[in-house]
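Results of the structural survey
Okay, here's what each chain looks like letter by letter:
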Amino acid sequence: MQYKKNKPITNDAIKCLKAKGLIGGRKPHFFILSKSTKVVDRMPGYGSLLKIDKDVCWELVRKMLLRTENRGVTLSDIFKTLTKALPETENEDQMLRWVSNYLTVLRKEHKIEYQNKRWFLVVDGTIHNFV
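Now for a look at the structure at hand.

Reading the values: the criteria
- Residues numbered from 1 in each chain as written.
- Predicted model: local features only at pLDDT ≥ 70, side-chain atom pairs only at ≥ 80, totals over all residues.
- Heavy atoms only, no water.
- Helix = DSSP H or I, 4+ residues; strand = E, 2+ residues; numbered from the N terminus.
- Buried < 20%, exposed > 50% of the residue type's maximum accessible area, 1.4 Å probe, protein only.
- Contact = heavy atoms within 4.5 Å.
- Areas by Shrake-Rupley, 256 points an atom, 1.4 Å probe, with all protein chains shown as cover.
- Expected span 1.5 Å × (residues − 1).
- Arc of directions from axis to C-beta.
- Core = buried A, V, L, I, M, F, W, Y, C linked by side-chain atoms within 4.5 Å.

Some details on the overall build of the protein
Counting its secondary structure elements, the protein contains six helices and five strands. By residue count, 27% of the 131 residues in the protein fall in the buried class. Taking the intrachain contacts of the protein between residues at least 6 apart in sequence as the baseline, contacts between residues at least 24 apart amount to 39%. Just so you have it, the protein exposes about 9,600 Å², and 51% of that area is on carbon and sulfur atoms.

Dropping the structure here:
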């Protein structure tokens, strides 16, 4: 099978390419995975962009929250910081959704807390407060 950029492909072809691990993403925003770039003897650039290192994101958020003392941080501030760590294959809406979901996961893990439209660091079960 041969596929061309910006040309429509069938749903069966999409399933076949995904099953072989050659493409990723959701319709209509697909990207080539590193497995397929190695096959054609190219540098694997796409696959590394897909991996989001959650430990790095947590460290960025934690350091930001520590610096803000008792003021907390807004979602937009966290988003601006984390966009540098997110894959370039995602658009701004997808990145914002990922950041929101990630903050929810951190809140459920009792690492951060949300109050008055701001995020705060939780230390030993209480909101981190320097005052």
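Back to the text.
Some thoughts on helix H6 (residues 92-108)
In this model H6 runs 24 Å from its N-terminal to its C-terminal C-alpha over 17 residues, within 8% of the 24 Å that 1.5 Å per residue would give. Looking at H6, one finds that the buried residues are Met95, Trp98, Val99, Tyr102, Leu103 and Leu106. Viewed end-on, H6 has its buried residues packed into an arc of 135°, placing them on one side of the element. In this structure, H6 carries Asp93, Arg97 and Lys108 as exposed residues pointing more than 90 degrees from its buried face. Looking at the buried residues of H6, the elements they touch are helix H4 (54-67), helix H5 (75-82), strand S3 (112-115) and strand S4 (118-123). Among the residues trailing H6, His110 stands out with phi positive, at a value near 60°.

A look at the nonpolar core
Counting residues in hydrophobic clusters, the biggest one holds 19 residues, and the most contacted among them are Ile78 and Val99. Within the residue set of this core, elements represented by two or more residues are H4, H5, H6 and S4. Ranked by residues supplied to this core, first place goes to H6 with six residues.

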